[in-house]
Amino acid sequence: MPDFLRPVATTTLADKWGLVQRHEFDLKRRNGEWQRQIRETYDRGDGAAVLLCDVAAAAVILIRQFRYPAFYRGEPPYLIEACAGKLEGDDPETCARKEAEEETGYRVGKLTKAYDCFMSPGSVTERLTLYVGIVEGLISAGGGLANEGEDIEVIKLPFATALGMIETGEIADAKTILLLQYAELKGVFR
């Protein structure tokens with residue numbers, strides 16, 4: 001146990017879609033004083049995401065799907081995103097390739113790791129591994145797995161258009177924004 005944290009109690013609040021727990025602990029502040037804190041965490045496992053790039057067409061393949069939390073907030077509920085999924089026992093690269101095929105129908109060739117990151121570390125435990133993948137070809141219609149509640153629309157956009165959609169707010173998903181900006185910084189389409 002680290003010398004800056006003293007666990008007091010952990011209580012499970014829910015364990016259906018993900019594990020929601022309430023944690024009570026004492027945290028040693030920088031000035032040496034101890035402070036009692038309470039936090040809740042949401043754990044649904046780690047994941048991987050991949051921005052699919054068709055370099056010859058200077059285009060990216062993204063998906064659009066219903067996201068209940070956006071709907072709940074009163075925001076547009078169909079978000080445009082890079083394909084992603086939970087690891088579920090796979091390593092991140094295997095997961096990224098599998099999700100690309102299930103969700104978009106595209107097979108991925110070269111896969112470049114961009115980042116490992118937390119998307120909302122104040123309460124969500126998930127760590128994502130983000131990739132940029134070069135597509136080799138279309139092998140199915142995609143659309144996701146109906147038995148997992150997926151009803152995914154596949155979207156192919158010019159890379160420049162996708163970048164512009166960040167500015168307009170049409171792309172508001174953090175992992176997708178990070179990956180599009182990474183592709184721009186690394187010159188994937190140059």
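Owing to the predicted nature of the structure, the values given are computational and were not obtained by experimental measurement.

Caption draft 1: Spotlight on the pattern of salt bridges. Applying the stated rule across the entire model yields 15 salt bridges. With a shortest N-O distance of 3.3 Å, Arg97 and Glu93 are connected by a salt bridge. Here Arg97 pairs with Glu93, and both are found in helix α2 (residues 92-104), just four residues apart, close to one helical turn. Beyond isolated ion pairs, a larger network of salt bridges with shared partners links Arg22, Glu24, Asp26 and Arg36.

Caption draft 2: Spatial organisation of the pairing of strand β4 (residues 47-54). Within β4, eight of the eight residues are buried, which leaves the element mostly enclosed by the surrounding structure. Side-chain alternation along β4 places Gly47, Ala49, Leu51 and Cys53 on one buried face and Ala48, Val50, Leu52 and Asp54 on a second face that is also buried. Across four bridges, β4 lies against strand β7 (residues 83-86) in antiparallel orientation. Each residue of the ladder has a partner; that of Ala49, found in β7, is Ala84. Here β4 pairs with strand β9 (residues 127-138) via seven bridges, running parallel. Each residue of the ladder has a partner; that of Ala48, found in β9, is Thr129.

Caption draft 3: Quick peek at the sheet that holds strand β1 (residues 5-15). Read from one edge of the open sheet, three strands run β1-β2-β3, paired in antiparallel fashion. Looking at strand neighbours, the two that pair on one side only are β1 and β3 (34-43), the edges of this open sheet. Between one strand and the next, the sheet's axes are offset by a mean angle of 15 degrees, whatever the strand orientation. By the bridge criterion, 10 bridges tie strand β2 (residues 19-28) to β3 in an arrangement that is antiparallel. Residue Gln21 lies in a different strand from β3, and its bridge partner there is Thr41.

Analysis parameters
- Residues numbered from 1 in each chain as written.
- Predicted model: local features only at pLDDT ≥ 70, side-chain atom pairs only at ≥ 80, totals over all residues.
- Heavy atoms only, no water.
- Salt bridge = Lys/Arg side-chain N within 4 Å of Asp/Glu carboxyl O.
- Helix = DSSP H or I, 4+ residues; strand = E, 2+ residues; numbered from the N terminus.
- Buried < 20%, exposed > 50% of the residue type's maximum accessible area, 1.4 Å probe, protein only.
- Pairing = 2+ DSSP bridges.
- Axes fitted to C-alpha atoms, helices over the stretch in contact; angles between N-to-C directions.

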